[in-house]
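Examining the three-dimensional arrangement
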Amino acid sequence: MKILGIETSCDETAASVVEDGVKELAFVVASSKDFHEKTGGVVPEIAARKQVEFIIPVLDQVFSTVPKEDIDAIAVTQGPGLIGSLIVGIEAAKALSLALNKPLIAVNHLVAHFYANFLNYSADAIKFPALVLVVSGGHTDLVLMHSHGNLEHLGSTIDDAAGEAFDKTARILGIGDYLGGVKLSQKAAECKENTLAGTLPRPMLDKDNYDFSFSGLKTATKRVVEKAESGELGDLAEKYSVEALACEFETAVVDVLVGKAIKAASDFNVKSLLLGGGVAANIPLRTRLQNETASLGIPLFLPELRLCGDNASTVASAGFFNQKFVDFEDLSPNPSLTITD
Ligand code: KG4
Ligand code: ZN
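Computed from a predicted model, the values in this text were never measured in an experiment.

Some thoughts on the coordination of the zinc ion (ligand 2)
Binding of the zinc ion (ligand 2) to the protein goes through H109 (NE2), H113 (NE2) and D310 (OD), at separations of 2.1 to 2.2 Å. Viewed at the metal, the 4 donor atoms of the zinc ion (ligand 2) are separated by angles of 92 to 144°, and the geometry they form is irregular. Counting along the primary sequence, the residues that act as donors to the zinc ion (ligand 2) give the motif H-x3-H-x196-D. With H109 and H113 both in helix α4 (residues 109-114), this residue pair falls 4 residues apart, about one helical turn. Neither H109 nor H113 differs from the other in exposure class; each is buried.

Focus on the site of ligand 1
Not every one of the 18 residues close to ligand 1 is listed here, only the nearest: G137, G163, D167, G278 and N282. In the model, an oxygen atom of ligand 1 is placed 2.6 Å from a nitrogen or oxygen of the D167 side chain. Residue N282 places a side-chain N or O atom 3.0 Å away from a nitrogen atom belonging to ligand 1. For ligand 1, whose accessible area on its own is 550 Å², the fraction buried by protein is 84%. Considering each element in turn, the shell around ligand 1 owes the most residues, 3 residues, to helix α5 (residues 162-172).

A few points about the pattern of salt bridges
Here the structure, examined in full by the defined rule, presents 16 salt bridges. Where K33 meets E12, a salt bridge forms, and the shortest distance between an N and an O atom there is 2.4 Å. With a gap of 21 residues between them, K33 in helix α1 (residues 33-39) and E12 in strand β2 (residues 12-19) connect regions that are remote in the sequence. With relative accessibility at 28%, the residue K33 sits in the partly exposed group. E12 gets classed as buried once you look at its relative accessible area, which sits at 8%. Between R306 and E304 there is a salt bridge, with its nearest N and O atoms 2.9 Å apart. In this structure R306 comes out as partly exposed when scored by relative accessible area, which is 37%. Residue classification places E304 among the partly exposed positions, given a relative accessible area of 36%. Here the residues in one salt-bridge network are R202, E248, D255, R288 and E292, joined through shared partners.

Scoring rules and cut-offs
- Residues numbered from 1 in each chain as written.
- Chains lettered and ligands numbered in written order.
- Predicted model: local features only at pLDDT ≥ 70, side-chain atom pairs only at ≥ 80, totals over all residues.
- Heavy atoms only, no water.
- Donors = N, O, S within 2.8 Å, 3.2 Å for Na, K, Ca; no water.
- Tetrahedral: all angles 85-135°; square planar, octahedral: opposite > 155°, others 65-115°.
- Helix = DSSP H or I, 4+ residues; strand = E, 2+ residues; numbered from the N terminus.
- Buried < 20%, exposed > 50% of the residue type's maximum accessible area, 1.4 Å probe, protein only.
- Near = heavy atom within 4 Å.
- Polar contact = N/O pair within 3.5 Å; in protein donor to acceptor, adjacent residues only side chain to side chain.
- Areas by Shrake-Rupley, 256 points an atom, 1.4 Å probe, with all protein chains shown as cover.
- Salt bridge = Lys/Arg side-chain N within 4 Å of Asp/Glu carboxyl O.

Given below as C-alpha cells:
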C-alpha cells in the first residue's frame with residue numbers, strides 16, 4: 001500500500017510517499033526557517049503564508065517521482081501545530097482526495113515522530129511493549145506503546161519542553177536567537193572537559209514519576225551567566241567558559257531524559273526503546289541512550305538524523321500502521337491534539 005504523507009504543522013512543508021509503512025519512495029521537505037531566523041522565532045502568519053507558497057511545488061516534486069495515480073491513500077497531519085499551517089496541508093489533502101478519489105487518514109503529529117523509527121526497518125523489528133521518548137521543541141513525553149494505536153501516556157514536561165529549554169538557553173548564552181539548540185550542542189562539543197560538572201540541577205531526576213521540568217535548569221544557567229558577568233562566580237570563576245556551561249547544561253538535560261527513560265523502560269519491562277522528535281538529533285543524547293540500553297540489554301531504535309525533524313515520511317508511516325480513515329467533512333485541523341487523542 002502506497003501512502004502519500006503531508007506534513008504542514010509548523011514551519012516545514014513536507015510530502016513523502018511510503019510503501020507499507022516502511023519503504024520511502026519519495027521524500028521532500030521545504031522549510032521557512034530562514035524567514036524566522038530574522039525575527040528570532042516562528043511568526044505563525046509568516047509560517048502559514050510560506051506553507052501556501054510551498055505546498056504545490058513540494059507535491060509536484062513528489063509526483064515527479066511517484067505518479068499520483070499510484071497512491072492508495074493520503075495521510076495528513078491533523079495536529080498539534082499552528083492552525084494556519086495545519087489548514088494548508090489538510091486542504092491540500094482534501095483536494096487530492098477528491099481529485100484522485102483516494103481515502104484520507106488523519107495523523108497526530110506527535111505520534112508521527114514515533115514512526116521515524118519504523119521507517120526503513122523491517123516492520124516487525126520493533127517489539128511491543130515499546131517505550132517512546134518524544135523530545136521536540138514543543139513536547140517532552142514518555143509513552144508506552146502497547147501496539148500501534150494503543151498508547152499509554154506515562155509523563156511529560158510540567159513546563160518547558162527539552163527543545164524549548166535548549167533554544168532559550170542558547171539565547172541566554174548568546175549562542176543563537178532562533179533554534180539555538182543545535183548551536184548550543186555544537187558549542188558544548190567544543191568543550192574538552194566539563195569543568196562545571198555537577199553545578200547545575202538535574203530537575204525531577206530523583207522523583208518517582210515520569211515527568212520532566214526544564215524551566216528551573218534554564219534559570220539556573222541564567223544565574224551562572226549573570227554571576228560570571230558581575231564577577232561573582234567565586235571559586236568557579238577559573239572553571240567558567242561558555243563552552244563548559246553549554247556542556248554542563250546539555251549534560252544535565254541528557255542526564256534527566258536518559259534517567260527517566262531508563263527508569264520507565266525498566267519499570268514496564270519494555271522490549272524496545274524508541275526516540276523521536278527534533279531533539280532526537282542530539283548526539284550526546286543518542287550516545288548515552290546507546291550506552292545505557294546496551295548495558296541493560298534493551299533494544300534501542302534511533303531515527304536517522306534526517307527523520308528526527310518534521311517530515312512527511314513519518315506521517316505516511318503512521319498513517320499506514322494506524323489506518324484512521326476519516327470522511328472528507330469530518331477532517332479539520334486540531335491545533336491542541338494530545339498524544340493519546
Ligand atoms: O520536532 P521538531 O523539529 O519541531 C517541533 O515539532 O517542535 O523539534 C525542533 C526542536 C528545536 O527546539 C531544536 O532546537 C531542537 O529540536 N533540536 C536540537 C537539536 N536538533 C534540533 N536540540 C538539541 N540538540 C540538537 N542537535
Ligand atoms: Zn515535530
